[in-house]
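Each chain is listed here by its residues.
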Amino acid sequence: MQRYPAYDPPEYVDWRPDPEVMAAYRAILERDAQRRAIIGSSSVGTLLDLYRGLLRNRLHDITLKRWVKQGIISKAWLGTGEEACTIGPVHALQRRGAEGDVVLPMIRNAGACHEMGMPLADMLRGYLGTDDAPTGGRDLHIGDLRYGVVAPISMMGSNVPVIAGYALAFRMRAEKRMALTWVGDGATKTAECHEGLNFAAAQRVPAIFIIQNNQVALGTPLADHHAAKDFLGWPEMYGIRALVMDGNNVLDGYAAARTAAEWCRRGEGPVCLIAETFRMGGHATHDEREARELFPAETFQHWGKRDPVGCYEVWLLESELDLTMAPETRVGKARSKRVEATRQRAVLERVEEEVLAEIAAAEADALASRERPAPPAESILSDVVAT
Ligand SMILES: Cc1ncc(C[n+]2csc(CCOP(=O)(O)OP(=O)(O)O)c2C)c(N)n1
């Protein structure tokens, strides 16, 4: 994709594939027979949709970062470098609006909103606080149940019991639906996360919990809040099945979540997906300099080489799949040694142009909402529940 020196992390600006990283990226996709089969039976259209989703996520964030620099908003919470943790698993769900699966995205997972079908303009309005934003201008923790997106709650960890509750309702009503949420390495330390995971396990609800370890919680590096080596032992402690997914490999995340979703729908209880990734920016746009000081430069370089967008793009181009084939063509039938690189590249460039146009239209729409009157003061009391 085109890079944006004013907004991208420096490691992404002149991004080139690293042969060792790409070899590992390909090897990850070969290591598990079930995941190989899932990818092999996916369609060319699905592969391109995953690419489209990654680009939407990255370009949505870049738009927000530009807005901060332009003084349109004061700060933004971004998912730069972590997009694969969101886009892969969301594409594994049944995205059927109010009738389908539900997700509860945390702040790094805003990409789940657009991939579930929420308009990008509504997401941007959430930041502008206009009266036609999904929360009526009150809070940027947006969701919309018409698209299966539960609005997040800003208290870390509280999403876990909420999503366990959704999944319990689906199980009790014998609906084949499921629920998914993400838990940051920091949020795993909350009491609510513990209660929610334990409840979900004991009740065997159809839920996926993605432990998204981006190595830092606000300004606290993992080593300062986590004594165990990693998260591999956590699900077992609750009696929850676990799968490891590569947090920077969108296809691995997609295939792992498809497997987990199958288990959930068979009534086998919740699943934890464990994803290692890295926050390439600040907690939000205000502390990027401080965030750079938390880790040595080599750590940023290490993860910079693993840019989920760049790696997937190269994988697609080198995969010997004919991307020009009809979208419904199965990956297994799209293999071809004779596809011209320029034609392959043109397919990806067209996707990028389309996403850029989508984002530009959404931005114009959202900014136009600022001409509307501010939300009436009394609206602050509507849709508020106190117990
Ligand atoms: C219960 C609670 N404590 C503290 C905060 C302030 N806070 C917001 S985000 C955050 C860090 C969360 O870290 P992590 O779960 O690793 O997610 P990340 O931001 O890295 O994606 C903190 C401490 C909060 N929102 N809720």
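What you see is a predicted model, and the numbers here were worked out from it, not measured in a lab.

## Focus: the pairing of strand β3 (residues 207-213)
Most of β3 is tucked away: seven of the seven residues are buried. Going residue by residue along β3, you find A207, F209, I211 and N213 tucked away on one face and I208, I210 and Q212 tucked away on the opposite face as well. Where strand β2 (residues 179-184) lies against β3, six bridges are found, and the strand directions are parallel. Within β3, the position partnered with V183 by the bridge is I211. Crossover connection from β2 via helix α9 (residues 191-202) to parallel β3: handedness right-handed.

## A closer look at unusual backbone geometry
The residue R204 is not glycine, and still its phi comes out positive at about 50°. Here R204 lies in the loop between α9 and β3. One non-glycine residue, D383, adopts positive backbone phi at about 55°. The residue D383 is located in the segment after α15 (341-368) in this model.

## Notes on the site of the ligand
The ligand sits among 13 residues. The nearest are R108, S154, G186, A187 and V216. Take A187: an N or O atom from its main chain is 2.8 Å from an oxygen atom of the ligand. N214 has a polar side-chain atom sitting 2.9 Å from an oxygen atom of the ligand. When isolated, the ligand has an accessible area of 580 Å², and the protein chains bury 68% of it.

## Description of helix α11 (residues 250-265)
Taking 1.5 Å of rise per residue, the 16 residues of α11 would be expected to cover 22 Å, and the 22 Å separating its terminal C-alpha atoms lies within 8% of that figure. Across the 16 residues of α11, 14 count as buried, placing the element largely inside the fold. Downstream of α11 by a residue or two, G267 has a phi angle that is positive, lying close to 80°.

## Re the pattern of salt bridges
Inspection of every chain in the model, using the stated rule, returns 27 salt bridges. Linking R26 and E318 is a salt bridge whose minimum nitrogen-to-oxygen distance equals 3.1 Å. Here the residue R26 occupies a position in helix α2 (residues 19-30), and E318 occupies one in helix α14 (residues 308-318), the gap between them amounting to 292 residues. Assessed through its relative accessible area of 34%, R26 is described here as partly exposed. By relative accessible area, E318 is classed as partly exposed at 48%. Residue D230 is joined to K229 by a salt bridge in which the shortest nitrogen-to-oxygen separation is 3.4 Å. Note on D230: relative accessible area 21%, which makes it partly exposed. Given a relative accessible area of 76%, K229 falls into the exposed group. A single network of salt bridges, built from pairs that share partners, joins D122, R125, D131, D132 and R372.

The rules we used
- For every chain, the first residue of the written sequence is number 1, and numbering continues from 1 onward in sequence order.
- Totals for whole chains, interfaces and linings use all residues, but because this is a predicted model, local features are given only for residues with pLDDT of at least 70 and pairs of side-chain atoms are given and counted only at 80 or more.
- Derived side-chain values reflect all non-hydrogen atoms in the structure, with water molecules and hydrogen atoms excluded from consideration.
- For every residue, the accessible area (1.4 Å probe, protein chains only) is compared with the maximum for its type, and the residue is labelled buried under 20%, exposed over 50%, or partly exposed between those bounds.
- The numbering of helices and of strands both runs from the N terminus, where a helix is a DSSP run of H or I of at least 4 residues and a strand a run of E of at least 2.
- Following DSSP output, two strands are said to pair if at least two bridges run between them.
- Handedness of a crossover is defined as follows: orient the strands so they point away from the viewer, and if the path from the first strand over the helix to the second runs clockwise, the crossover is right-handed.
- It suffices for a single heavy atom of a residue to lie within 4 Å of a molecule or strand for the residue to be listed as near it.
- Polar contacts, as counted here, are pairs of nitrogen or oxygen atoms within 3.5 Å of one another; within protein the pair requires one atom able to donate a hydrogen and one able to accept it, and residues that are adjacent in sequence qualify only if both atoms are side-chain atoms.
- Using a 1.4 Å probe, the Shrake-Rupley method yields the accessible areas, and only the shown protein chains count as cover for residues.
- By this rule the span expected of a helix is its residue count minus one, scaled by 1.5 Å.
- Salt bridges are defined by distance alone: a side-chain nitrogen of Lys or Arg within 4 Å of a carboxyl oxygen of Asp or Glu.

Interpretation note: all reported values are geometric properties and have no functional meaning in isolation.
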